[in-house]
Amino acid sequence: MAERQIYVMITKPFCRRCKVGISYNSLKRDREVTKSTGKNMGLLIVLPFMFAYFWEQLIHGLLFWAASPVRGNGGTEFYIGLVTPIAMLLVITCFIIEKSIIILIIGAVVLVKFT
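Given the structure is predicted, the values throughout are model-derived calculations rather than measurements. (Residues numbered from 1 in each chain as written. Predicted model: local features only at pLDDT ≥ 70, side-chain atom pairs only at ≥ 80, totals over all residues. Heavy atoms only, no water.)

Now for the packing of helix α2 (residues 52-62) against helix α3 (residues 84-113). At a minimum axis separation of 11 Å, α2 and α3 run at an interaxial angle of 140 degrees. Crossing geometry of α2 relative to α3 is assigned as right-handed. Every residue of α3 that contacts α2 at W55, L58, I59 and L62 is listed here: L90, V91, C94, I97 and E98. For the contact of α2 with α3, the residue count by class is eight nonpolar, no polar and one charged. (Axes fitted to C-alpha atoms, helices over the stretch in contact; angles between N-to-C directions. Helix = DSSP H or I, 4+ residues; strand = E, 2+ residues; numbered from the N terminus. Left-handed = near helix turned anticlockwise from the far one by under 90°. Contact = heavy atoms within 4.5 Å. Nonpolar A, V, L, I, M, F, W, Y, C, P; charged D, E, K, R; others polar.)

Next up, the structure:
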């Protein structure tokens, strides 16, 4: 089973808005959002997550103050363009935390199993 991805998109050519979301296929999602909102979108960052829904909801909760909804598919997940670096930093931080926890759990299981 493929892991879901969390992505950050921006409106092109000027970064007036950014969008944080989850998808199994971010390129396809990019085209869907572009078509439904009428805005030319571009992917900035895409990272695979095991618990993508949890992390995406956490990021949306942290960025609630910068919401800038648009009409269309996924329109409530848009934020003002100025928070794009913060959104990217949050996605990268969540990725590092998730993978670190997974590595620690695997290490603990191996340690218990072979001691």
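So, on to the pattern of salt bridges. Within this structure, the stated rule accounts for four salt bridges. With a shortest N-O distance of 3.2 Å, R29 and E32 are connected by a salt bridge. Residue R29 and its partner E32 are located together in helix α1 (residues 26-37), separated by three residues, close to a single helical turn. Residue R29 is classed as buried on the basis of its relative accessible area, which comes to 11%. A single network of salt bridges, built from pairs that share partners, joins E3, E98 and K99. (Salt bridge = Lys/Arg side-chain N within 4 Å of Asp/Glu carboxyl O. Buried < 20%, exposed > 50% of the residue type's maximum accessible area, 1.4 Å probe, protein only.)

Moving on: the packing of aromatic side chains. Tallied over the entire structure, the rule returns two aromatic pairs. Plain terms: the ring middles of F49 and F95 are 5.8 Å apart, the flat faces sit at 80 degrees to each other, and that makes the pair edge-to-face. Residue F49 is found in strand β3 (residues 41-49), and its partner F95 is found in helix α3; the two are separated by 46 residues along the sequence. The exposure class of F49 is buried, given its relative accessible area of 1%. Here the aromatic rings of F54 and W55 are separated by 4.9 Å at their centres, their planes lie at 75 degrees, and the arrangement is edge-to-face. Relative accessible area serves as the criterion here: at 9%, W55 is assigned to the buried category. (Phe/Tyr/Trp six-rings, centres within 6.5 Å; stacked < 30°, edge-to-face > 60°.)

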